[in-house]
Amino acid sequence: MIVLEEPYASEPLLSWLASSRHPVLDNEFARSCARDGALNLVAAKEAARRIEEGERVCTNSENALSWVAANVRDEELTRAIGLFKDKAAMRRALAPLSPGLFFRTCSAEELFDLDFRELEPPFVLKPSVGFCSMGVHAVESREEWERALADIRRSARTWGALYPESVIGSESFVLEGYVDGVEYALDAYFDETGAAQVLNVLRHDFASPSDTSDRLYLTSPAIVRENARTMAAWLDQANALVGARNLPVHVEVRVKDGQVTPIEFNPLRFAGLGGTDISWHAYGYRTYEAFLDGTPPDFDAAFAGKDDKVYAMSLLNPPSDATGGERFDYEAFASRFSHVLELRPFDVRRVGSYGFLFLETDPSTAGELSFIMRTDLREFLR
């Protein structure tokens, strides 16, 4: 079962749903995507019954989590979703995997009364419930602390206009020790036995230690081969503390000296806003199909002939002073790259970014990745 919800369903996902006739929850958003009845829509009561009886379910958007929580009577499923979605609950549950990591929670009201002298920088401040790095700040100094608080005051109302409280929460916050190391994003799922199945590994690169954006994720046969087994073993350790079954997750971790530390778990979905389609563009398999059909990809076959390729996924976040009224010049932006797989436009006022770029590079075009990571995109605003 697929639950489609706002704000965006990708073309690769909708095309597969139409051709496969895989069941889709009948709701307003799914009907808006149905294209002359091409989707196999299932009434809400029937969809809930199927999920309760064991049919696998995933979604394109965290906006769908509230429907699952309200309609599906499956305590194991809803408990795992609630635990992973709440960053504070996740951190408490997985604390044995990260001994000694500074961590505390507070309400929004308490946040602005905290005494910086009693905190333990460097740390990361973020909403307990969040999405796409909104409201995430790396803090090393009092100056950065004050800037973070000011940004949260200014942005909280915008979050509410873009996403419901179940997706971006402004009522509680997490402060946790800054974790050094290389960051990775994982598309994976826990199967019917609870064992982890890794579908893709992406390295999340940053322009600087204070950068918390989703500007650049990279996957390649080398990145996946070097990390998939380690990540699956670590996910098995994490799930031994949680007990999730038949659950897709998008997970972010940092790795240093072989130690894996969780940053966040996003339940019931893979990389958001259709970002998981990078596996389709790069390797020719769909993560959601692999989960729903219970058929993990054959990496050797998927990677054949691609050992020198690196695939990038970039969320095109606007500069801090953009008003949302500017026009983004997609044609000019795309012309900066040699092999665009897809440039996916978004309504920045609705989604909070200009779009997604999916890109293929090789050793001769690797410099394009540096440009993506460092441009503020102002040159493309009209």
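Everything that follows concerns the structure shown earlier in this document.
Residues numbered from 1 in each chain as written. Predicted model: local features only at pLDDT ≥ 70, side-chain atom pairs only at ≥ 80, totals over all residues. Heavy atoms only, no water.

Help me understand the overall build of the protein, please; the structure alone is not making it clear to me.
Of regular secondary structure, the protein possesses 15 helices and 16 strands. Against the compact-globule benchmark of 21 Å for 382 residues, the protein has a radius of gyration of 20 Å, which places it among compact chains. Once the C-alpha set of the protein is aligned to its principal axes, its extents read approximately 55 × 50 × 40 Å. When the 382 residues of the protein are sorted by exposure, 57% land in the buried category. Contacts spanning at least 24 positions in sequence make up 66% of the contacts within the protein whose residues lie at least 6 apart. Within the protein, one finds 40 positive and 60 negative side-chain charges whose respective centroids are separated by 2 Å. (Helix = DSSP H or I, 4+ residues; strand = E, 2+ residues; numbered from the N terminus. Rg over C-alpha atoms; globule rule 2.2 N^0.38 Å. Buried < 20%, exposed > 50% of the residue type's maximum accessible area, 1.4 Å probe, protein only. Contact = heavy atoms within 4.5 Å. Lys, Arg positive; Asp, Glu negative; His and termini not counted. Charge placed at Lys NZ, Arg CZ, Asp CG, Glu CD.)

Any chance you could explain the sheet that holds strand E8 (residues 172–177) here in plain terms?
Strands in a sheet are paired, the pairing made by backbone hydrogen bonds, and the direction either parallel or antiparallel. One open sheet accounts for four strands, arranged E5-E8-E6-E7; its pairing is antiparallel. For this open sheet the edge positions go to strand E5 (103–107) and strand E7 (137–139), each flanked by a neighbour on one side alone. Strand-to-strand twist of the sheet, defined as the mean angle between neighbouring strand axes without regard to direction, takes the value 20°. Across five bridges, E5 lies against E8 in antiparallel orientation. Residue arginine 104 lies in a different strand from E8, and its bridge partner there is leucine 175. (Pairing = 2+ DSSP bridges. Axes fitted to C-alpha atoms, helices over the stretch in contact; angles between N-to-C directions.)

It is not clear to me how the nonpolar core should be interpreted in this structure. Could you clarify?
Among soluble globular proteins, nonpolar side chains are generally buried collectively. Of all hydrophobic cores here, the largest spans 84 residues; its most connected members are Phe84, Leu235, Phe265 and Phe333. For this core, the element with the most residues is helix H9 (residues 221–240), which contributes eight residues. Sequence-distant contacts of phenylalanine 84, defined by excluding residues within four places in its chain, comprise Met90, Phe190, Val242, Ala244, Leu247, Val249, Phe265 and Pro267. Listed in part, the 21 residues of the second largest apolar core include Leu39, Leu199, Phe270 and Leu292. (Core = buried A, V, L, I, M, F, W, Y, C linked by side-chain atoms within 4.5 Å.)

How should I be thinking about the pattern of salt bridges in this particular structure?
Once their charged atoms are close, side chains differing in charge can pair, the charge on each being opposite to the other. One pass over the structure, following the stated rule, counts 28 salt bridges. Across the salt bridge formed by glutamate 53 and arginine 49, the nearest N and O atoms sit 2.7 Å from each other. The exposed category is assigned to glutamate 53, whose relative accessible area is 59%. As a salt-bridge pair, glutamate 55 and arginine 50 come within 4.0 Å of each other at their nearest N and O atoms. For glutamate 55, a relative accessible area of 28% puts it in the partly exposed group. (Salt bridge = Lys/Arg side-chain N within 4 Å of Asp/Glu carboxyl O.)

Would you take a moment to explain helix H3 (residues 44–52) for this structure?
Since the α-helix advances by 3.6 residues per turn, residues separated by three or four positions end up pointing in the same direction. Where H3 is concerned, the buried positions are Ala47, Ala48 and Ile51. Across the axial projection of H3, the buried residues extend over an arc of 100°, all falling on one side. Against the buried residues of H3 lie strand E2 (23–25), strand E3 (40–42), helix H4 (65–71) and helix H5 (75–85). Among the residues trailing H3, glycine 54 stands out with phi positive, at a value near 110°. (Arc of directions from axis to C-beta.)

Help me understand unusual backbone geometry in this model?
Where the residue is not glycine, phi is negative for most of them; where a peptide bond is considered, it is trans in most cases. Proline 7 follows glutamate 6 through a cis peptide bond whose omega is 5°. The amide bond that connects proline 121 to the next residue, proline 122, takes the cis arrangement and shows omega of 0°. In this fold, proline 122 is placed in the loop between helix H7 (108–111) and strand E6 (123–127). Positive phi, normally seen in glycine, also occurs at arginine 21, with a value near 60°. Despite not being glycine, leucine 273 shows a phi value in the positive range, around 55°. Checked against the element boundaries, leucine 273 lands in the loop between strand E13 (259–267) and helix H10 (278–283).

How should I be thinking about the sheet that holds strand E10 (residues 196–205) in this particular structure?
The eight strands lie next to each other as E13-E12-E9-E10-E11-E14-E16-E15, forming an open sheet whose pairing is antiparallel. Across the chains shown, the open sheet's two edge strands, defined by having one partner strand only, are E13 and strand E15 (340–345). Averaged over all pairs of adjacent strands, the angle between their axes in this sheet comes to 25°, without regard to strand direction. Of the strand pairs in this sheet, strand E9 (residues 182–190) and E10 are connected by eight bridges, and their pairing is antiparallel.

When you look at the environment of glutamate 62 in this model, what are you seeing that I'm missing?
Here glutamate 62 lies in the loop between strand E4 (58–59) and H4. A distance of 2.7 Å separates a polar atom in the side chain of glutamate 62 from a polar atom in the side chain of arginine 269. (Polar contact = N/O pair within 3.5 Å; in protein donor to acceptor, adjacent residues only side chain to side chain.)

Looking at this structure, I do not really get the pairing of E8. What am I missing?
Put simply, side chains in a regular strand alternate between the two faces of the sheet. Counted residue by residue, E8 has five buried out of six residues, so it is predominantly covered. Relative to E8, E6 runs antiparallel, the two being bridged by five bridges. Directly across from lysine 126, in E8, lies its bridge partner valine 174.

I would appreciate a short explanation of the packing of aromatic side chains in the present structure.
Aromatic ring pairs are reported here in terms of the distance separating the ring centres and the angle at which the planes meet. Considering all chains together, one arrives at 26 aromatic pairs under this definition. On the numbers, 4.9 Å between centres and 65° between planes, the contact of phenylalanine 328 with tyrosine 330 is edge-to-face. You can call phenylalanine 328 buried: its relative accessible area is 5%. Between phenylalanine 328 and tyrosine 354, the ring centres sit 4.8 Å apart and the planes meet at 20°, which makes this aromatic pair stacked. Here tyrosine 354 lies in the loop between helix H14 (348–351) and strand E16 (355–361) and phenylalanine 328 lies in the loop between strand E14 (310–315) and helix H13 (330–334), a separation of 26 residues in the sequence. Across the pair, tyrosine 354 and phenylalanine 328 agree in class, each one buried. Through pairs of rings, three or more aromatic residues link up here, namely Phe328, Tyr330, Phe333, Phe337, Tyr354, Phe371 and Phe380. Just above the ring of tryptophan 280 sits the side chain of arginine 286; from NZ or CZ to the centre is 3.9 Å. Geometry around phenylalanine 371 places arginine 336 over its ring, the cationic atom sitting 4.0 Å from the centre. (Phe/Tyr/Trp six-rings, centres within 6.5 Å; stacked < 30°, edge-to-face > 60°. Lys NZ or Arg CZ within 6 Å of the ring centre and 35° of its normal.)

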